[in-house]
Amino acid sequence: MFGKGIIEYWVPAVSSYAHDIDFIFDTVFWIVIAFWFVVVEALFLWLIVRYRKKDGVKAQYITGEQKHEKRFITWPHYLIMVCDVVIVAIAINVWYKVKQDAPPADETVRIVGQQWAWSFVHPGPDGKLDTADDIRTVDELHLVVNRTYLYKLEARDVLHSLSIPVFRLKQDAIPGRIVTGWFKPIKTGTYDIQCAEICGFGHGLMPARVIIETPEQHTAWLSAHSASAAGE
Amino acid sequence: MVVQHAEHHEEHAHHPQESWFRHYFLSTDHKIICFQYMFTGMAMGLVGAFFAYVFRMQMAFPGVHVPGWGLVTPADYNMLITNHGAIMIFWVAMPVLIAAFGNYLIPLMIGADDMVFPRINRLSYQIFLLSALVLIVSFFVPGGGFAGAWTMYPPLSAKAQYSLTGDGSTVFVFAVALEFVAFLLGGINFVTTAMNSRAPGMKIYDIPIVVWMIVIASLLFMASVGPLIAGAIMLLFDQRLGTAFFDPNRGGDPILWQHLFWFFGHPEVYVVLLPAVGIVAEIITVFSRKKLFAYKTVLSTAIATGVLSFTVWAHHQFVAGIDPRMANIFTVTTLIISIPIAEMMFVYIATLYGGSITLTTPMLWALGFIGSFLIGGVTGIFLGSSGADIYLHDTYFVLAHFHYTFFPIAIIGTYAGLTFWFPKMFGKMMNDTLGKWHFWLTFIPFNCIFIPLFFTGMLGDHRRIFDYSNFSELSTPMLQHLRAFATVSLLVMLTAQTLFVYNFVTSLLWGKKAEKNPWKANTLEWTANSPPPHGNWATLPTVYRGPYEYSVPDRAEDYWPQNAPS
């Protein structure tokens, strides 16, 4: 929307909503850090320097209870309220887009966390999940660029958390529940998937990869996989 | 005549027949109980700091043989981070900030001879000591200490087959539950004493802010801890008696634990924050010779923060699988709580305006608190904004954020209070030059530890991962340099703490003798002897004015003690 987000300088934005999340991060950065933090910290340091003890100069007696004194607290107070309203509006808007308002999906994938691996169930050539041609993989998620996916997230044993930093997506997986959500990759490439919720001794040993392919590459992968599956 | 009476009283109060053991271990004197809490808390702080040293070494130099520990296995790593968190919050911040300072300051600042329930007070410490010992035992049971993060999320914490630390988990939960009992007893005492034992003439707005803060914190603790005690017992039953409160396979719900935990866990942040901001209020008024700007506003922001803190807990659970619509409500409440806290900071900064500021060691700590807590505050807005939290949740950004709140609270706040009241507590002055060296050698490395961690978090480092080399995107040289820089800064900071120990011990033994009121402060504790005897005063003081009447026009002195008749 406004060029590159701050996070994007280091972490590529690969999902359709990554820029929205970068946008709320940047908004908060500019309002809260670049304005509030800098102004307040500068004022604070300036006051310390300006009012260092000088011989013969007595401190002023200010109660802060008078109306004209309280202004210094109440005006910033109102300004913070305005900033809060702006931030809340954008945050909820982004949240709604990512977590509440799933667009119609082209395909569905199942993602299962367990101690200590991610496994993925992809629809086979028929494009439907839970049919005989499903392709199951461990630690590798194959997606097609610009295709909208619904994911069904499950956990076998303890809590896990699916985190795909380049998608700006994170969602806990809970045993006994199926958590649904969506994503739409917009660039090809291979990126990390991590577990973001401590899940036991092997928590640091749960790396997986998301492989985003063109439709042609994906078809090739599908047929190679089906062929090898048929050959077994 | 009066002097004679005082001497007689002191002698009486001293109980010369008391043995050393009775005096230091079985005393009901609130000051001795303060020291017990403080030194136990600091000893536990050493354990927590040692754990941090070990796991930070592993982060910076994966696979290194850490001096004093050895090779850090994934199991070790999880156990270290779990207990580092639990210790620093439950066995350091709580005992030192609330229990130690509360015990020392409440009776002395309101002009009482002791707590209203001195024996309950002693019992509170004894149970606390027991809880600390039980926690230490948990490191040595078969399977090792609990390793499922200090938040104890089930099913990992509930089932030995998942955590592989079955015994450690049970003993850990037991230690936490005992610790809560200790602070419930302490809290009852603080609130009752502050409300009932005030010196004649001390009206509600004449109470020093730090006393208010500790009372409000105690009320918050008592109101929030109930659900977690219930939760801890349910968790113990799940672990040991085969119940299924949190077991999804038999109809339980693991998310329930998260609600119970954070309903306590978020107010808990303010439980430790408030005493620290109270200490800071006392110090900045004394060393800027200023009346506190808008006393009643400070009080109302603290109460507002306290009430609001009960409505924000689910911001820890945005992506935990709660109904996504609920996140919107908690985003709103979380951002609302930024208002009173920001206002409190404004009040403190406004207090400096027009002051006559002396940068003594306690003042440096107090100003350091404000300057660094601001960073903790503003970075919280990123995480409270649900949309941004989807990315930042459980990354090092969160870790850096809450260390920028907890470090100023628990470490900077404690050093501020300790250096400020040291003359009163021990009757000796501390070495100011050494104190300043200690401040800068703690404050600068502290920032060097946690500023880089905001960046590693923004770049995707997740918490509680013992070795990033398994993740190609996270094992870049730049990230590794940032991690190593943070660790080296930690080593510098830990080393600098020997300065404090040295200063503490030498001042205690050979320091200049402290007069009654070395800082020329107004509050009542400065009218007692340094150190105050058992019973505090021969004649209890009477109060004529508020605690912050500094630099009142038309007076020769720039302070006006609360007990000085007009």
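Worth saying up front: this structure is predicted, and the values here are computed from it rather than measured.

How each quantity is defined
- Residues numbered from 1 in each chain as written.
- Chains lettered and ligands numbered in written order.
- Predicted model: local features only at pLDDT ≥ 70, side-chain atom pairs only at ≥ 80, totals over all residues.
- Helix = DSSP H or I, 4+ residues; strand = E, 2+ residues; numbered from the N terminus.
- Rg over C-alpha atoms; globule rule 2.2 N^0.38 Å.
- Buried ≥ 20, exposed ≤ 12 C-beta atoms within 10 Å, placed from the backbone.
- Contact = placed C-beta atoms within 7 Å.
- Pairing = 2+ DSSP bridges.
- Domains from an automatic or database assignment.
- Nonpolar A, V, L, I, M, F, W, Y, C, P; charged D, E, K, R; others polar.
- Expected span 1.5 Å × (residues − 1).
- Bend = angle between axes of the 7 residues up to and from the residue.
- Axes fitted to C-alpha atoms, helices over the stretch in contact; angles between N-to-C directions.
- Parallel < 35°, antiparallel > 145°, perpendicular 65-115°, else oblique.
- Left-handed = near helix turned anticlockwise from the far one by under 90°.
- Core = buried A, V, L, I, M, F, W, Y, C linked by C-beta atoms within 7 Å.

Moving on to the overall build of chain A. For chain A, the count of helices and strands is three helices and ten strands. For chain A, the succession of helices and strands along the chain, N to C, is α-α-β-β-β-β-β-β-β-β-β-β-α. A compact globule built from 232 residues should have a C-alpha radius of gyration of about 17 Å, whereas chain A, at 25 Å, is more than 25% larger. A buried classification covers 41% of the 232 residues belonging to chain A. When contacts within chain A are restricted to residue pairs at least 6 apart in sequence, those whose partners lie at least 24 apart make up 63%.

The next point concerns the overall build of chain B. Counting its secondary structure elements, chain B contains 16 helices and two strands. By principal-axis analysis of the C-alpha atoms, chain B measures approximately 75 × 50 × 50 Å. In chain B, which comprises 566 residues, the proportion classed as buried is 61%. Across chain B, every contact between residues at least 6 apart in sequence was considered, and the portion connecting residues at least 24 apart equals 82%.

Bringing the pairing of strand S9 (residues 189–195) of chain A into the picture now. Residues and elements named next belong to chain A. Extensive coverage of S9 is indicated by the burial of five of its seven residues. One ladder, built from two bridges, connects strand S6 (residues 160–164) with S9; its direction is antiparallel. Paired with Leu-162 across the two strands is Cys-195, which belongs to S9. By the bridge criterion, five bridges tie S9 to strand S10 (residues 208–213) in an arrangement that is antiparallel. Following the sheet pairing, Thr-190 is matched in S10 by Ile-211.

Residues and elements named next belong to chain A. Here strand S5 (residues 149–155) lies mainly inside the structure; five of its seven residues are buried. Bridge count for strand S1 (residues 107–114) against S5 is seven bridges, and the pairing is parallel. Considered in S5, the bridge of Val-109 is made with Tyr-151. Pairing of S5 with strand S8 (residues 179–183), which is carried by five bridges, proceeds in the antiparallel orientation. In the strand pairing of S8, Lys-152 is matched with Thr-180.

Our focus in this paragraph is the domain arrangement of chain A. Residues and elements named next belong to chain A. Structurally, chain A comprises domain 1 (7–100) and domain 2 (107–231). At the junction of the two partners, domain 1 supplies nine residues and domain 2 supplies 14 residues. Residue classes in the side of domain 1 that touches domain 2 are distributed as six nonpolar, two polar and one charged.

Moving on, we come to the interface of chain A and chain B. Between chain A and chain B, the contact holds 78 residues from the first and 81 residues from the second. Elements with a contribution of two residues or more to the side of chain A that touches chain B: helix H1 (18–50), helix H2 (67–100), S6, strand S7 (169–173) and S9 of chain A. Ranked by residues supplied to the side of chain A that touches chain B, first place goes to H2(A) with 18 residues. Of the residues contributing to the side of chain A that touches chain B, the split by class is 48 nonpolar, 15 polar and 15 charged.

This next bit is on helix H8 (residues 209–240) of chain B. Residues and elements named next belong to chain B. The first and last C-alpha atoms of H8 sit 45 Å apart over 32 residues, in line with the 46 Å expected at 1.5 Å per residue. Where H8 bends most, the angle comes to about 40 degrees, and this point is Val-225, followed within four residues by the proline Pro-227. Two residues or fewer past H8, Gly-242 is found with a positive phi of approximately 75 degrees.

Residues and elements named next belong to chain B. Interhelical geometry of helix H5 (residues 118–138) versus helix H7 (residues 166–196) gives an angle of 165 degrees and a closest axis separation of 8 Å. With respect to their mutual orientation, H5 and H7 come out roughly antiparallel. Read as a crossing pair, H5 and H7 show a hand that is left-handed. Residue classes in the contact of H5 with H7 are distributed as 17 nonpolar, seven polar and one charged.

This part covers the environment of B:Asn529. Summarising the element assignment, B:Asn529 is placed in the segment after helix H16 (477–510). Counting along the chain gives 461 residues from B:Asn529 to B:Gly68, while the straight-line C-alpha distance between them is 44 Å.

Moving on, we get to the nonpolar core. B:Ala93, B:Val211 and B:Val280 are the most contacted members of the largest nonpolar core, which totals 258 residues. With 25 residues, helix H4 (residues 74–110) of chain B is the largest single contributor of residues to this core. If you count residues domain by domain, this core takes at least three from each of domain 1 (7–100) and domain 2 (107–231) of chain A. B:Val211 has contacts with B:Leu105, B:Ile106, B:Met109, B:Ile110 and B:Ala194, leaving out every residue within four places of it along the chain.

On to the sheet that holds strand S4 (residues 140–144) of chain A, then. Residue and element names in this part refer to chain A. The sheet built from five strands is open, its strands ordered S4-S10-S9-S6-S7 with mixed pairing. The outermost strands of the open sheet, each flanked by one partner alone, are S4 and S7. Sheet twist, expressed as the mean angle between neighbouring strand axes with direction ignored, is 25 degrees. Relative to S10, S4 runs parallel, the two being bridged by five bridges. Bridging across to S10, Leu-141 finds its partner in Val-210.

The subject of this paragraph is the sheet that holds strand S2 (residues 117–122) of chain A. Residues and elements named next belong to chain A. Strand order in the open sheet formed by five strands is S3-S2-S1-S5-S8, with mixed pairing between adjacent strands. One side of each edge strand has no neighbouring strand; the edge strands of this open sheet are strand S3 (135–138) and S8. Averaged over all pairs of adjacent strands, the angle between strand axes in this sheet comes to 25 degrees, irrespective of strand direction.

Here we take up the environment of A:Ile24. Locating A:Ile24 in the fold gives a position in helix H1. A count of 25 C-beta atoms within 10 Å places A:Ile24 in the buried class. In contact with A:Ile24, other than residues within four places in its own chain, are A:Ile90, A:Ala91, A:Val94, B:Ser385, B:Gly387 and B:Ala388.

Attention now goes to the packing of helix H3 (residues 30–60) of chain B against H4(B). All names here are of chain B. In the contact formed by H3 and H4, the axes pass within 8 Å of each other and the chain directions differ by 155 degrees. Compared by their axis directions, H3 and H4 come out roughly antiparallel. The two elements H3 and H4 cross, and the hand of that crossing is left-handed.

Okay, unusual backbone geometry next. That bond from A:Gln115 to A:Trp116 is cis: its omega, -10 degrees, falls within 30 degrees of zero. In this model, B:Pro154 is joined to B:Pro155 through a cis peptide bond whose omega is 5 degrees. Topologically, B:Pro155 is positioned in the loop between H5 and helix H6 (160–163). Of note, the phi angle at A:Asp130 is positive, near 65 degrees, even though the residue is not glycine. You can see A:Asp130 is positioned in the loop between S2 and S3. Of note in this structure, B:Ser551 is not a glycine but carries a positive phi near 55 degrees.

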